[in-house]
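These are the residues of each chain, in order.
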Amino acid sequence: MAFLRLYDYPASGNCLKVRILLAQLGLPHERVTLDIFGGDTLTASYGEKNPARTTPLLEVDGDHLPESNAILWYLAEGTAMLPDGPFERGEVVRWLLFEQAWISGIARLRFRLQAGFLPPDDPSVVRWRESARRGLAVLEEHLARHAFLAGDAYSIADVANYAYVHVAPEAGIPLSDFPAVTRWLRRVEETPGFVNDLAHLPPDGAQRRGLSIYTV
Ligand SMILES: N[C@@H](CCC(=O)N[C@@H](CS)C(=O)NCC(=O)O)C(=O)O
């Protein structure tokens, strides 16, 4: 069993994905909590571990793996959270890519609104919200016909998308227009060992923008 250390930011949905999977797989690990508004990702030593300076970052026996969905894939290999069949694995990749392309727009919005980077009526907020709604509409169509995203069984595809879909209201996108998505969120939350300890972003984050990789 490899030694695992998670570099984690409590208010990050990308980090929440990894915390959910570690809990559901019952994997022992160490956790290092970073403050991304305190300059913790901008240090030289963090840059050596992860040149992109993002969280989450998983240390595995001294090697470092960034990118939340890559971490999910690594941890889930050989477990029921990653199917065996080539088609089903293709479906998992599809939904992991979909999450980064469409659902991470909710992350961008939530981050900038909650941490005070942009006012709610900023034109880019309006544009990102429209794009996130298009992503949610795709999920709605799929989940009206399927219990889970890939191969109709719970997998890392669901974990990855859950992390930001469930906070869509925090980005100003009510989920009342997406009833199948809402039922799926509850199904995910009912899976054994599920945890959700996502924290709020600091409302004054924008005042410390020079201490994070995010400037706008
Ligand atoms: N595509 C990356 C995005 C990671 C990312 O943007 N992480 C943010 C928190 S959600 C972060 O750590 N930012 C560091 C900083 O602002 O200094 C992933 O899925 O892991």
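Scroll up to find the structure.
Residues numbered from 1 in each chain as written. Predicted model: local features only at pLDDT ≥ 70, side-chain atom pairs only at ≥ 80, totals over all residues. Heavy atoms only, no water.

I'd like to hear about the sheet that holds strand S2 (residues 30-33), residue by residue, with values.
Pairing is mixed across the open sheet formed by four strands, whose spatial order is S2-S1-S3-S4. Among the strands making up the open sheet, the edge pair consists of S2 and strand S4 (63-66). For this sheet the average axis-to-axis angle between neighbouring strands, irrespective of direction, equals 20 degrees. Inspection of the sheet shows strand S3 (residues 57-60) paired to S4 by four bridges, in the antiparallel sense. Counterpart to Val-60 in the pairing with S4 is Asp-63. Packed onto the sheet, helix H3 (residues 68-76) meets strand S1 (4-8), S3 and S4 and runs at close to 120 degrees relative to S4. (Pairing = 2+ DSSP bridges. Helix = DSSP H or I, 4+ residues; strand = E, 2+ residues; numbered from the N terminus. Axes fitted to C-alpha atoms, helices over the stretch in contact; angles between N-to-C directions. Contact = heavy atoms within 4.5 Å.)

Can you lay out the packing of aromatic side chains for me, pointing to particular residues and giving the numbers?
Taken as a whole and judged by the stated rule, the model has eight aromatic pairs. Between Tyr-7 and Tyr-46, the aromatic rings sit 6.0 Å apart at their centres with planes inclined by 65 degrees, giving edge-to-face as the arrangement. Here Tyr-7 is found in strand S1, whereas its partner Tyr-46 is found in helix H2 (residues 44-49), with 39 residues between them in sequence. Taking the relative accessible area as the measure of exposure, Tyr-46 reaches 3% and is therefore buried. Taking 6.5 Å as the distance between ring centres and 45 degrees as the angle between the ring planes, the aromatic pair formed by Phe-37 and Phe-117 counts as tilted. Highlighted residues: Phe-37 in the loop between S2 and H2 and Phe-117 in the loop between helix H4 (86-114) and helix H5 (123-143), separated in sequence by 80 residues. (Phe/Tyr/Trp six-rings, centres within 6.5 Å; stacked < 30°, edge-to-face > 60°. Buried < 20%, exposed > 50% of the residue type's maximum accessible area, 1.4 Å probe, protein only.)

Hey, could you go over the site of the ligand for me, with residue numbers and the actual values?
Around the ligand lies a shell of 15 residues, among which Thr-41, Thr-55, Ser-68, Ser-212 and Tyr-214 are the nearest. In this structure, Thr-41 approaches the ligand through a side-chain N or O atom, which is 2.6 Å from an oxygen atom. Burial of the ligand by the protein chains amounts to 90% of its free accessible area of 520 Å². Assessed atom by atom at 2 Å from the grid points, the ligand resides in the largest pocket. Looking at side-chain class alone, the shell around the ligand contains five nonpolar, eight polar and two charged residues. (Near = heavy atom within 4 Å. Polar contact = N/O pair within 3.5 Å; in protein donor to acceptor, adjacent residues only side chain to side chain. Areas by Shrake-Rupley, 256 points an atom, 1.4 Å probe, with all protein chains shown as cover. 1 Å grid on protein atoms, 1.4 Å probe; cavity = no way out; pocket = protein on both sides within 12 Å on 5 of 7 lines; lining within 4 Å. Sits in = over half its atoms within 2 Å of the grid points. Nonpolar A, V, L, I, M, F, W, Y, C, P; charged D, E, K, R; others polar.)

Residue-level account of the packing of helix H1 (residues 13-25) against helix H6 (residues 156-165), with values.
It is at 8 Å that the axes of H1 and H6 come closest, and there the two elements cross at 140 degrees. One element, H1, and the other, H6, form an angle in the oblique class. The handedness of the crossing between H1 and H6 is right-handed. Between H1 and H6, the contacting residues are Gly-13, Asn-14, Leu-16, Lys-17, Ile-20, Leu-21 and Gln-24 on the first element and Ile-156, Val-159, Ala-160, Tyr-162, Ala-163 and Tyr-164 on the second. Each residue belonging to the contact of H1 with H6 can be placed in one class, and the counts come to nine nonpolar, three polar and one charged. (Parallel < 35°, antiparallel > 145°, perpendicular 65-115°, else oblique. Left-handed = near helix turned anticlockwise from the far one by under 90°.)

Hey, could you go over the environment of Glu-88 for me, with residue numbers and the actual values?
Within the element layout of this structure, Glu-88 appears in helix H4. A residue is classified by how much of its surface remains accessible, and Glu-88, at 30% relative accessible area, is partly exposed. A sequence separation of 64 residues divides Glu-88 from Asp-152, and the C-alpha atoms of the two residues are 9.3 Å apart. Leave out the neighbours within four places in its chain, and Glu-88 touches Pro-83, Ala-150 and Gly-151.

Please set out the environment of Arg-53 residue by residue, giving values where relevant.
By the secondary structure assignment, Arg-53 is in the loop between H2 and S3. Given a relative accessible area of 25%, Arg-53 falls into the partly exposed group. Distance from Arg-53 to Ala-80, taken between C-alpha atoms, is 31 Å for residues 27 residues apart in sequence. Ignoring any residue separated from it by four or fewer positions in sequence, one finds Arg-53 in contact with Thr-41, Leu-42, Thr-43, Tyr-46, Gly-47 and Ile-213.

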